[in-house]
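Results of the structural survey
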Amino acid sequence: MASVPLRRAATRAAGLLVLAAALAPAVALAQKQPRVVAPDDLPKHWVLINASVQGDAPMFGKGLDVPTCAAVSFVVEGTGRTSTVKLQRIVPEGPDLAKLAVSIASHLQFEPSVNNGGRDRVFSWLIFPLNLPADPAARSELMKPCAIERLRWADR
């Protein structure tokens, strides 16, 4: 008679082990931090496929016509969509264009590069020019203050 409860316990334990083994990869994937990738290296992992990007522009606010640059960080998920979007820097401080930059980053779409067949998540950032002049030299000069040398996953 003692063997029946032992078999049930063994069957339950085996079932729990199978369940744990099946869930382990999903739990590990959910906890795995994305690789931090500098903007220049982003195309090695993910290629931007948007021909154009729309953002939610404010109807009114201060500094909406001021030449501005905004550095925005994000995670490119395995689906090619962005998440964890955060404004890292806006120059000059104060324009209400920060919401527009965050909105633009949240609408980006990517396809994995040839090197990223596993569709690995990455954390990166881009600089968005807003209201910049047409002259390339002037644009470049106005965007310099938004350059970020390096971000860490903790900066998300």
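All figures in this text were calculated on a predicted structure; none of them were measured in a lab.

Bringing the packing of aromatic side chains into the picture now. Counted according to the given criterion, the structure contains two aromatic pairs. Their ring planes at 25° and their centres at 6.1 Å tell us that Phe74 and Phe110 sit as a pair that is stacked. Of this pair, Phe74 sits in strand β3 (residues 68–76) while Phe110 is found in strand β5 (residues 110–112), placing the two residues 36 residues apart along the sequence. For Phe74, a relative accessible area of 0% corresponds to the buried category. Aromatic side chains Phe123 and Trp153 sit 5.6 Å apart centroid to centroid with 85° between the ring planes, which places their arrangement in the edge-to-face category. Taken as a pair, Phe123 in strand β6 (residues 122–130) and Trp153 in the segment after α3 (136–143) lie far apart in primary sequence, 30 residues in all. The exposure class of Phe123 is buried, given its relative accessible area of 0%. Trp153 gets classed as buried once you look at its relative accessible area, which sits at 14%.

The sheet contact formed by strand β1 (residues 35–36) and β6 spans two bridges and is parallel. Opposite Arg35, over in β6, you have Val122 as the bridge partner. Two strands pair when backbone bridges link them, and β3 and β6 are joined in this way by nine bridges, in the antiparallel orientation. Residue pairing across strands places Val72 opposite Leu126, the latter belonging to β6.

What counts and how
Residues numbered from 1 in each chain as written. Predicted model: local features only at pLDDT ≥ 70, side-chain atom pairs only at ≥ 80, totals over all residues. Heavy atoms only, no water. Phe/Tyr/Trp six-rings, centres within 6.5 Å; stacked < 30°, edge-to-face > 60°. Helix = DSSP H or I, 4+ residues; strand = E, 2+ residues; numbered from the N terminus. Buried < 20%, exposed > 50% of the residue type's maximum accessible area, 1.4 Å probe, protein only. Pairing = 2+ DSSP bridges.

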